[in-house]
Each structure stands twice: as C-alpha cells, then as structure tokens.
There are 2 protein chains.
Amino acid sequence: MEKNIEIYIDKLASKAPTPGGGGVAALAASLGAALASMVCNLTIGKPKYAQFEDELKEIVTEAQILSKKCLELAAEDEVAFEPLSRAYSLPSTTDEEKRIKDEVLESALVRAANVPMMSAQAACDAIDIHRRLVERGSKLVISDVGVGVQMARAALLSAALNVKINTKLMKNRAVADKMNEQIEALIKKGSAAADDVYCAVSNMLE
Amino acid sequence: MEKNIEIYIDKLASKAPTPGGGGVAALAASLGAALASMVCNLTIGKPKYAQFEDELKEIVTEAQILSKKCLELAAEDEVAFEPLSRAYSLPSTTDEEKRIKDEVLESALVRAANVPMMSAQAACDAIDIHRRLVERGSKLVISDVGVGVQMARAALLSAALNVKINTKLMKNRAVADKMNEQIEALIKKGSAAADDVYCAVSNMLE
C-alpha cells in the first residue's frame, strides 16, 4: 500500500512534467471525499445515528462518485498539460506561424484552466458534504470530518492557482476575467465554509 | 500510476480501521514536501537562478528527507492505532482489570498522539521550505509552491485534530495540556506562515 504511494510521490518530486500541482489539487479533493465516505461507512448501522441513516446512505453515494471524479480530474490534468507544452514549442518566426501559435496556445490555455476549475468545484462539493457530516457523522470519527474538509480546502486553493497560472497568459481577457471571477467566487464561498466546518470539529475535541 | 492511488483511496473510503485521517495528514505533508523537491529540481541548472543554486541543492535534500519521513509517519500512524484499539477491548469488570486497562490505554493514547505531533512538526518544516522557495523557485513553477504550502497547511491542521482526539481522552491532564499547548503553538506559527506564502504566490499570478 505505502509502496504504491511512494512511487507516485517519487515521480511528483522529480523533474517529470507530470504529475504536478494540478494533479495534487485533484488528488487532495479525492482524499477529502474518500474521508467523507469513510465517516459515513463507520456511522451507518449505528443505532445512535439511525435517524440519519437514509441521509448518510445518500451522502456516501455522492462522496464515492465525487472521489472517483476527482481521480479522473487528476488524470485529465496530466492530459491537458500536453497540448499546452506542445503549443509552446511551435515555431513563431513568420507572422503566419505566430498567428497559428497564438491560436493553438489560447485554446490549450482554456483547456488547461478548465480542469482545475472543475477540481475547484469538486472541492467545494466535498466541503459541502463534510458540512452535512458535522452533525450526522459518528462522534468517534469526527476528527476525520475535519481532516477531510482540510484536504478539500487545500484542493480548492491549490486548484485556484492552477486556474490563474493559465488565465494570466490568455490573450482573450474577457474569457480570462470570467474564469478569474468564477474561481474567486468559489474560493470565497468554499474556504469560509471549510473554516466553519473545521472550527466546529475542533470545538468538539476541546 | 493512478491505479495505485485508487487502491489507497478505496481502502481509505472503506470501514477498514486504517488508513484514516492521521495517515492522510502525514501523506499530505509528504505531498507538500515532494512538490518542494519538484520546484527545486525544475529550477536547479537554470542560469536565471544560478545565484540560488547552492541553496536550492540544500533545500532539495531537506525536502526529499522530509517527504520520506512523512510517508514513514503515515505508516507509523497505522501501527500506533492498533495498541489503542486493543486497549479499548480489554476487560474492565474487576478493579484490577480497570486499573490495568486505564494504564494500557493511557500509554497507547500518548503513543497515538505522538505520531500526529511529529506530522504537525514535519508539516511546519515543509511550510518553512516553501517560504524559502517563494523567492528562489523558478517563476514558471511558482504555482507549485502555493500548492505545496496548501498541502502542508492542511497536514498541520489535520494532524492537530489527531493530537486532540487522543489528548482529550488522557487521564493525565498535565501530559495532555502540555501536548495541547505544543500543537496550538505549531498551528499558530505554521498556519500564519503558510497563509503568507500562499498569498505571495497568488499575488505573483495576478
């Protein structure tokens, strides 16, 4: 088990173009969602939480789908990086070459920014799932709600940087500004919600 | 690559006692340190950053050692959980049984709290490494400094909950209070430093 993780981490630490920060952001969101599943799985069936049983079964399904989706986004982040890398190495000597390079680069930037935007949205969904678990998850594993929400919060703020690194280079400022506004709105809402969940969990452990 | 991660995440999401939030905290610190290594590896050798070459070589060695240490802490977290789980299931009918159970439980709690305390310290070390990389890392991968510091920050705050869930149950309040003070000091210093690093990186991408 640890060996598999070690292989990923060694490749991350290397000069290899992928995985990078975009993939780690999506991975953190996946870890956050998986912890929500764990909390549900360790609460469902306990008589003390019988009143939340149906809701917990809904939440665990949502969390499972979300966790898988985030892993797909981690893989997609690696795929979206390649056309961007290829676009940068296009020739740009003649005006025609420059025009083509600009066009190819612009669409590669939009694609590369879209993936972390989806990761950021997924991270917000994970935060919202943990918000619902504060009151419904077993008190025996409530610290895992706090860990899960921290992973999702880190995923959100990390994905945001990966949106910005791409929008910064876009020529079409209308598209760039719209994406920047979207990500700022996700950060504002998601990070405040995550801090509330963490604070509530931390208070339960005082 | 992704397959290996998927196996870990599936086990995390399950009812299996390990891995849990303590392991994820240490894993996040390892991911944060690995991203610092990546930034160093992609900066070393670039003429523009030649003035930082020696320092970057020092930092990459520190980051590599730290990343491995955090993976060991993730494994140790699983090991430290077992005696705690065993202690809970000890008999406690007679006074003598109760006395023994209390003693065994107390020492298992101290051991289980020590691992996340070490993870929290390691997360602070990772935050400090990223602080040094804000000015020294290649601007082309500066977003990865921001992602790395978010992973380390999440690791710190997650580890803190895993310290508290154990200190809360300790009978020896002097030991518990001392550990709580230690972790609060780490949170205070580390999270402020992490926020400064993230803010600096985010401003570079405006």
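Scroll up to find the structure this text is about.
A separate point is the overall build of chain A. For chain A, the count of helices and strands is 6 helices and 0 strands. Moving toward the C terminus, one meets the helices and strands of chain A in the order α-α-α-α-α-α. Relative to its full complement of 206 residues, chain A shows a buried share of 56%. When the accessible surface of chain A is split by element, carbon and sulfur atoms take 56% of a total near 8900 Å².

Moving on: unusual backbone geometry. A cis amide bond links A:T18 to the next residue, A:P19, at an omega of -5°. The residue A:P19 is located in the loop between α1 (2-13) and α2 (21-41) in this model.

It is worth spelling out the interface of chain A and chain B at this point. Residue-level contacts link 58 residues of chain A with 58 residues of chain B. With both sides pooled, the region where chain A packs onto chain B buries about 5200 Å², and carbon together with sulfur makes up 67% of that total. Scanning the region where chain A abuts chain B turns up 6 salt bridges. For A:D10, the salt bridge is made with B:K68, and the minimal N-O distance between the two is 2.9 Å. Taken together, chain A and chain B are joined by 19 residue pairs in polar contact (both at pLDDT 80 or more). Broken down by element, the residue count for the side of chain A that touches chain B peaks at 15 residues, all from helix α5 (residues 142-167) of chain A. Within the side of chain A that touches chain B, the residues separate by chemical class into 32 nonpolar, 14 polar and 12 charged.

Turning to the relation of the copies chain A and chain B, a few remarks are in order. Once turned by 180° and shifted 0.0 Å along the axis, chain A lies on chain B with an RMSD of 0.0 Å. Taken together, these values place the two copies in the relation of a two-fold axis. Relative to the rotation axis, the closest C-alpha in chain A is found at A:N4, a distance of 2.6 Å. Here 100% of the contact residues of chain A are again contact residues in chain B; the copies associate through an equivalent surface.

Reading the values: the criteria
- Throughout, residues of each chain are indexed from 1 in the direction in which the sequence is written.
- Starting at A for chains and at 1 for ligands, labels are handed out in the order in which the entities are written.
- The predicted origin of the model limits local features to residues at a pLDDT of at least 70 and limits the giving and counting of side-chain atom pairs to 80 or more, whereas totals for whole chains, interfaces and linings rest on all residues.
- Note that the side-chain values use all heavy atoms of the structure and ignore hydrogens as well as water.
- Secondary structure follows DSSP: runs of H or I at least 4 residues long count as helices, runs of E at least 2 residues long count as strands, and numbering of each begins at the N terminus.
- The buried label applies to any residue whose accessible area, calculated with a 1.4 Å probe on protein chains only, is under 20% of its type's maximum; exposed applies above 50%, and partly exposed to all values in between.
- Note that accessible areas follow from Shrake-Rupley with a 1.4 Å probe, and for residues the cover is restricted to the protein chains shown.
- By the convention used here, residues are in contact when the closest approach between their heavy atoms is within 4.5 Å.
- A simple way to read buried area is as the amount of 1.4 Å-probe accessible surface that goes missing from two parts once joined, with both sides added.
- Think of a salt bridge as a Lys or Arg side-chain nitrogen and an Asp or Glu carboxyl oxygen that are within 4 Å of each other.
- Polar contact is the term for a pair of N or O atoms within 3.5 Å; when the atoms are in protein, one must be able to donate a hydrogen and the other to accept it, and sequence-neighboring residues count only if both atoms are side-chain atoms.
- Polar here means any residue other than Ala, Val, Leu, Ile, Met, Phe, Trp, Tyr, Cys and Pro, which are nonpolar, and Asp, Glu, Lys and Arg, which are charged; Gly is therefore polar.
- Superposing copies: least-squares fit, C-alpha atoms only, residues required to have pLDDT of at least 70 in both.

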